[in-house]
Amino acid sequence: MRIVHGLPEMRAASAVVRRGGRRLGFVPTMGALHAGHLSLVREARARADVVALSVFVNPLQFGPHEDFARYPRDAGRDGALAERAGADLLWMPAGDAMYPEPPSVTVAPGPMAEAYEGAVRPGHFAGVLTVVLKLLNVVQPDVAVFGRKDVEQAALVRRMVLDLDVRTEIVVAPTVREADGLALSSRNAYLGADERRRALALSRALAAGVALYRGGERRARAVVAAARAVLEAEPGVAVDYVDCVEPGAFVAAERADDASVLLLAARVGATRLLDNVALGEGLEGDARVEG
Ligand code: AMP
């Protein structure tokens, strides 16, 4: 695995792959790599000849009082994990290489970015889409893999690529969970032992919604209420939102169907966590860490 830092170096490495007629796959991350990220590398590997993974904690997508400064960073560990997962190129741009000056032109993500995560974190998705577009412009991959764990982000990236005619194919891969159901997240590292236990309320809430749906309930409101009740019953867990949406447009559904996504965000102590499930698939549709 080759590690590159500068943008020109990454551009040159990508050009070599494309000139050789090989397909380039790309997995953008903010590092603190875990089995969820590594499953995206494997997914990219299955669809491309060469896989590039980027690690960049993007300041543009953090609000002023969010965790940018304390976001976990460990380049050595990320390098070892990326290599073991089969990445060929690891791109670790420095902040001032990515943004030599604060960008004046950014991506406007449109109305889909104003609900859910976008409502709680104003400006977040403009920051995400701006960095994703920059990364795609430098890497120019044939295919890029994102996680369904961040389902609203994945929908917005798909929409950006469609609306702005980006040449990259976008693949969205299943959420990877711990054996007990907790979705892997770099932010799980913030959780103390007691919080880690309470955080299981998120996947339990999704399971409760799925169970009601499988029992024949089709009113989205009732499915959402079942999930919300589980979260609200857990002390130390504060709900930001729970809803059932149509996956394409990200608007609240009235009738739940197999494609509907039950999504939620909650704070466990000071840590914000997200999770979601497609009602038709249930949590069994997701992957589990091995071993
Ligand atoms: P992040 O490093 O949190 O920005 O995430 C980088 C990519 O990994 C995004 O496409 C995420 O959706 C994806 N990802 C994060 N957690 C998981 C998970 N548990 N399972 C699958 N993909 C994930």
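The following paragraphs examine the structure supplied in this document. Nothing here was measured: the structure is a model prediction, and the numbers come from that model. (Residues numbered from 1 in each chain as written. Predicted model: local features only at pLDDT ≥ 70, side-chain atom pairs only at ≥ 80, totals over all residues. Heavy atoms only, no water.)

The next thing to look at is the nonpolar core. Formed by 45 residues in total, the largest nonpolar core has its most connected members in Met 10, Trp 91, Met 98, Val 132, Phe 250 and Leu 263. Residue contacts for Met 98: discarding those within four places in its chain leaves Leu 7, Phe 56, Trp 91, Pro 93, Val 131, Lys 134 and Leu 135. Core analysis: the second largest hydrophobic core is formed by 30 residues, Val 223, Ala 256, Val 277 and Leu 279 among them. (Core = buried A, V, L, I, M, F, W, Y, C linked by side-chain atoms within 4.5 Å. Buried < 20%, exposed > 50% of the residue type's maximum accessible area, 1.4 Å probe, protein only. Contact = heavy atoms within 4.5 Å.)

Moving on, we get to the pattern of salt bridges. For the structure shown, the criterion picks out 22 salt bridges. Across the salt bridge formed by Glu 66 and Arg 121, the nearest N and O atoms sit 2.5 Å from each other. With Glu 66 in the loop between β3 (50-55) and α3 (75-85) and Arg 121 in the loop between α5 (117-120) and α6 (124-139), the pair connects residues that are 55 residues apart, well separated along the chain. Judged by its relative accessible area of 8%, Arg 121 falls in the buried class. Glu 234 is the salt-bridge partner of Arg 198, the closest N and O atoms lying 3.2 Å from each other. Here Arg 198, found in helix α8 (residues 193-198), pairs with Glu 234, found in the loop between α10 (220-232) and β8 (237-245); they are 36 residues apart in sequence, far enough to count as distant. One salt-bridge network, held together by shared partners, links Arg 148, Arg 177, Asp 275, Glu 281 and Asp 286. (Salt bridge = Lys/Arg side-chain N within 4 Å of Asp/Glu carboxyl O. Helix = DSSP H or I, 4+ residues; strand = E, 2+ residues; numbered from the N terminus.)

Along the chain, the position of Asn 188 falls in the loop between β7 (176-177) and α8. Residues contacting Asn 188, with those up to four places away along its chain left out, are Leu 182, Ala 183 and Leu 273.

Glancing now at α3. Those residues of α3 that fall on the buried side of the exposure criterion are Asp 78, Gly 79, Leu 81, Ala 82 and Ala 85. Against α2 (35-47), β3 and β4 (89-91) lie the buried residues of α3.

Right, let's talk about the packing of α6 against helix α7 (residues 151-163) for a bit. Two elements in contact, α6 and α7, have axes whose closest approach is 11 Å; the angle formed by their N-to-C orientations is 55 degrees. Considered as vectors, α6 and α7 are oriented oblique to each other. Between α6 and α7 lies a crossing of right-handed hand. In this structure, α6 contributes Phe 125, Val 128, Leu 129, Val 132, Leu 133 and Leu 136 to the contact, and α7 contributes Glu 152, Gln 153, Leu 156, Val 157, Met 160 and Val 161. (Axes fitted to C-alpha atoms, helices over the stretch in contact; angles between N-to-C directions. Parallel < 35°, antiparallel > 145°, perpendicular 65-115°, else oblique. Left-handed = near helix turned anticlockwise from the far one by under 90°.)

This brings us to the site of the ligand. Lining the immediate surroundings of the ligand are 17 residues, of which His 37, Gly 147, Asp 150, Val 176 and Leu 184 lie closest. Between the ligand and Asp 150, the relevant distance is 2.7 Å, taken from an oxygen atom to a side-chain nitrogen or oxygen of the residue. Residue Leu 184 places a main-chain N or O atom 2.8 Å away from a nitrogen atom belonging to the ligand. Look at the ligand: alone it shows 490 Å² of surface, and the protein chains cover 92% of it. Examining the composition of the shell around the ligand, we find that three residues originate from one element, α2, more than from any other. When grouped by side-chain class, the residues that make up the shell around the ligand number eight nonpolar, seven polar and two charged. (Near = heavy atom within 4 Å. Polar contact = N/O pair within 3.5 Å; in protein donor to acceptor, adjacent residues only side chain to side chain. Areas by Shrake-Rupley, 256 points an atom, 1.4 Å probe, with all protein chains shown as cover. Nonpolar A, V, L, I, M, F, W, Y, C, P; charged D, E, K, R; others polar.)

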